[in-house]
Structures are given as C-alpha cells and as structure tokens.
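Secondary and tertiary structure notes
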Amino acid sequence: MEDQSIKSNTRKKGDQHTTTMLEYFKILLHKLSFNSRLFRKEYRKTFRYLKPSEQDRLKEWLRKAPENTKIQ
C-alpha cells in the first residue's frame, strides 16, 4: 500500500506542501477539541484511513496531547 498523502497549495504560487494523512488527522482533531462528541466521532473515523502503525502513533499523540484534546 502506498503512503497516503494530501497535497495542498501554499500561499506561494506553484509551491506545494505534502501532508500525510496522520498529520492531517492530528490537525483536524486538534481543531475539533472544543466539542468532545464531534471529536470522538472524527477520531473513530480516522481508523478507516490510517495504517496500523499510524493508528498507534495517533494514539500516542493523544496520550501526550494537552488535556483539552483528549477524548473525555
């Protein structure tokens, strides 16, 4: 299986930045941390897209995250 990534345009014309799915989900979950219900829903969905090793890294990231980004 190929490494999944998302390509997004940066502000500089013609310049591209590649973000892995894992990094994308970290950003998304951080932004959703204000609502625990929505956060849990999106957290569960991440496991459909991530490889087992990436899932482990996401779980570890959550354990180390500030209290306001943990699943309540």
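A short note on the overall build of the chain
- Looking only at helices and strands, the chain features three helices and two strands.
- Buried residues in the chain amount to 25% of all 72 residues.
- Sequence-distant contacts, at least 24 apart, represent 40% of the contacts inside the chain between residues at least 6 apart.

Considerations on the packing of aromatic side chains
- Within the structure shown, the criterion is met by three aromatic pairs.
- With 5.1 Å between their ring centres and 85° between their planes, Tyr43 and Phe47 make a pair best called edge-to-face.
- Since its relative accessible area comes to 23%, Phe47 is described here as partly exposed.
- By way of ring pairs, the aromatic residues Tyr24, Phe25 and Tyr49 are connected into one cluster.

Overview of helix α1 (residues 21-31)
- Every buried residue of α1 is accounted for by Met21, Leu22, Phe25, Lys26 and Leu29. For α1, the angular spread of the buried residues around the axis is 140°, confining them to a single face.

What to know about the pattern of salt bridges
- Considering all chains together, one arrives at four salt bridges under this definition.
- Ionic pairing is found between Arg63 and Glu60, a salt bridge with its closest N-O pair at 2.7 Å. Note that Arg63 and Glu60 are positioned in helix α3 (residues 52-64) at a spacing of three residues, about one turn of the helix.
- The class for Arg63 is exposed, based on a relative accessible area of 52%.

Description of the confidence of the model for the chain
- For the chain, the average pLDDT comes to 79, and 68% of its residues sit at 70 or higher.
- In this model, residues 1-5 is a region of pLDDT below 50 whose contacts with residues beyond four sequence positions or in other chains number 12 contacts.
- Taken together, the stretch residues 7-12 has pLDDT below 50 and engages in nine contacts with residues farther than four places along the chain or on a different chain.

Observations regarding the packing of α1 against α3
- Close contact between α1 and α3 brings their axes to 10 Å; oriented N to C, the two are set at 30°. As for how α1 packs across α3, the hand of that crossing is right-handed. Here Leu22, Lys26, Leu29 and His30 of α1 come into contact with α3, specifically with Glu54, Arg57, Leu58 and Trp61.
- Residue composition of the contact of α1 with α3, by class: four nonpolar, one polar and three charged.

What counts as what
Residues numbered from 1 in each chain as written. Predicted model: local features only at pLDDT ≥ 70, side-chain atom pairs only at ≥ 80, totals over all residues. Heavy atoms only, no water. Helix = DSSP H or I, 4+ residues; strand = E, 2+ residues; numbered from the N terminus. Buried < 20%, exposed > 50% of the residue type's maximum accessible area, 1.4 Å probe, protein only. Contact = heavy atoms within 4.5 Å. Phe/Tyr/Trp six-rings, centres within 6.5 Å; stacked < 30°, edge-to-face > 60°. Arc of directions from axis to C-beta. Salt bridge = Lys/Arg side-chain N within 4 Å of Asp/Glu carboxyl O. pLDDT = per-residue confidence, 0-100. Axes fitted to C-alpha atoms, helices over the stretch in contact; angles between N-to-C directions. Left-handed = near helix turned anticlockwise from the far one by under 90°. Nonpolar A, V, L, I, M, F, W, Y, C, P; charged D, E, K, R; others polar.

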